[in-house]
Amino acid sequence: MRDMKSAHEVSQEDRARIATLLSQANTQATRHLDSPALSENAPIKVWRDAYKKFKTKRGARCSVENLFRRVLKDKPVEPITPSVDLYNIVSLRHAFPVGGEDVNAFVGDLRLGVTEGGDAFLPLGEDAEDPTLAGEVCYRDDAGAVCRCLNWRDGQRTALTDDSHDAFLVIENVDPARSQDLEAALADLGSLIGEFLGGTVTAQDILTAEKPRLTLVE
């Protein structure tokens, strides 16, 4: 997504509307929760199973699980910055991990794969480096890791900020039975970003093992 509004360009009226949608999404998330035990709910269990298949840092969990844990504890997800709020709305509504990075912070190509470990990584909100582990699945570029343990934690270097105009937005799915749900979530994300942040979609696709590449900018 290119030429989005920065946070400073979003009107107070639209910020209030986004906050209302986020509040509603916290409530809407409960329809995906059949059990008070977080790990027993289908959208969470499928990611717990996926995380068992690669090396992870102790305690690492899928990003959507972290959001839904707040919902179960009656500690709703609060506004952060418009771009992040919008993808959190989609994550809560559709029970998929959704994330975003600042495209202009990438160094070389972004890639997802199993790393040999040692990729530089400064976690969002932390002061100390926390490099990747051998056998970990992560997003990385030529400068190091972008997101640890698939979708667990973003790094400071590429995180969306109040000043970001160009974003890489991603929704992840490991449940083949939810392919139509994924398409609905993609449409919802596109609609929300277009309504509140504007900008131009430069590339969009559903990537799979059979179709693993997407050119973001020609």
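Because the structure is a prediction, the values reported are computed rather than measured.

When you tally the buried positions in strand β1 (residues 98-102), you get five out of five residues, the bulk of the element. Burial along β1 is two-sided: V98, G100 and D102 facing one way and G99 and E101 facing the other are all buried. Here β1 runs beside strand β6 (residues 167-171); their pairing, made up of five bridges, is antiparallel. Note that in β6 the partner of E101 across the bridge is F168.

In this structure's numbering, the residues bearing the UniProt feature "domain: B3/B4 tRNA-binding" (unreviewed entry) are residues 45-198. Each end of residues 45-198 is marked by a C-alpha atom, and these two atoms are 35 Å apart; helix forms 32% of the span and strand 17%.

Time to look at the side chain of N151. Turning to its location among the elements, N151 is positioned in the loop between β4 (144-148) and β5 (153-154). A distance of 2.8 Å separates a polar atom in the side chain of N151 from a polar atom in the side chain of E172. Contact partners of N151, with chain neighbours within four places excluded, come to W47, Y51, C62, S63, P97 and E172.

Right, let's get into helix α1 (residues 12-28). Every α-helix carries 3.6 residues per turn, so stepping three or four residues along brings you back to the same face. Here α1 contains 17 residues, and its C-alpha end-to-end distance of 24 Å stays within 8% of the 24 Å for a straight helix at 1.5 Å per residue. The secondary structure elements touched by the buried residues of α1 are α3 (63-72), α4 (82-94) and α5 (179-197).

All chains considered together, the criterion is met by zero disulfides. You can see C138 has no disulfide; the closest cysteine sulfur is in C149, sitting 8.2 Å from it. Exposure remark for C138: the relative accessible area of 0% places this residue in the buried category. Exposure remark for C149: the relative accessible area of 0% places this residue in the buried category.

Let us look at the pattern of salt bridges. All told, the structure shown has 18 salt bridges when counted by the stated rule. The shortest N-O distance in the salt bridge between R48 and E65 comes to 2.8 Å. Residue R48 is found in helix α2 (residues 42-51), and its partner E65 is found in helix α3; the two are separated by 17 residues along the sequence. With relative accessibility at 25%, the residue R48 sits in the partly exposed group. A salt bridge links K52 to D49; the shortest N-O distance between them is 3.9 Å. On the basis of relative accessibility, which here comes to 69%, the residue K52 falls in the exposed class. With relative accessibility at 30%, the residue D49 sits in the partly exposed group.

Here the focus is the side chain of T132. Here T132 lies in the loop between β2 (111-114) and β3 (137-141). For T132, a relative accessible area of 6% gives the class buried. Separated by 2.6 Å, the side chains of T132 and D119 make a polar contact. Those residues in contact with T132 that lie beyond four places of it in its chain are T115, G117, G118, D119, C138, A145 and R148.

Two elements in contact, α4 and α5, have axes whose closest approach is 10 Å; the angle formed by their N-to-C orientations is 155 degrees. Relative to α5, the element α4 is oriented roughly antiparallel. Relative to α5, α4 is oriented so that their crossing is right-handed. For the pair α4 and α5, the contacting residues are P82, S83, L86, Y87, I89, V90, R93 and H94 in the first and D181, A184, A185, D188, L189, L192, I193, F196 and L197 in the second. Tallied by class, residues from the contact of α4 with α5 come to twelve nonpolar, two polar and three charged.

Calculation criteria
- Numbers given to residues run from 1 along each chain, matching the order in which its sequence is written.
- Owing to the predicted nature of the model, reporting of local features is limited to residues with pLDDT of at least 70; listing and counting of side-chain atom pairs is limited to 80 or more, with chain, interface and lining totals taken over all residues.
- In computing side-chain values, all of the structure's heavy atoms are included and hydrogens and water are not.
- Using a 1.4 Å probe on the protein chains alone, a residue whose accessible area is under 20% of its type maximum counts as buried, one over 50% counts as exposed, and one in between counts as partly exposed.
- To qualify as a helix, a DSSP run of H or I must reach at least 4 residues; to qualify as a strand, a run of E must reach at least 2; elements of each kind are numbered from the N terminus.
- Each pair of strands is called paired provided DSSP finds at least two bridges between the two strands.
- UniProt positions are given in the numbering used here, feature names are shortened, and annotations may be inferred rather than shown by experiment.
- Polar contacts, as counted here, are pairs of nitrogen or oxygen atoms within 3.5 Å of one another; within protein the pair requires one atom able to donate a hydrogen and one able to accept it, and residues that are adjacent in sequence qualify only if both atoms are side-chain atoms.
- Contacts are assigned to residue pairs that have any heavy atoms within 4.5 Å of one another.
- Given a helix with a known number of residues, its expected span is that number minus one, times 1.5 Å.
- In what follows, a disulfide is any cysteine sulfur pair within 2.5 Å.
- Only one rule defines a salt bridge in this text: a Lys or Arg side-chain nitrogen within 4 Å of an Asp or Glu carboxyl oxygen.
- To obtain each axis, a line is fitted to C-alpha atoms, and for helices this fit is confined to the stretch in contact; angles are then taken between N-to-C directions over 0 to 180 degrees.
- The scheme is simple: roughly parallel for angles under 35 degrees, roughly antiparallel for over 145, roughly perpendicular for 65 to 115, oblique for anything else.
- Each crossing gets its hand from how the near helix is turned against the far one by less than a right angle, where anticlockwise is left-handed and clockwise is right-handed.
- Gly falls in the polar group here, along with every residue not listed as nonpolar (Ala, Val, Leu, Ile, Met, Phe, Trp, Tyr, Cys, Pro) or charged (Asp, Glu, Lys, Arg).

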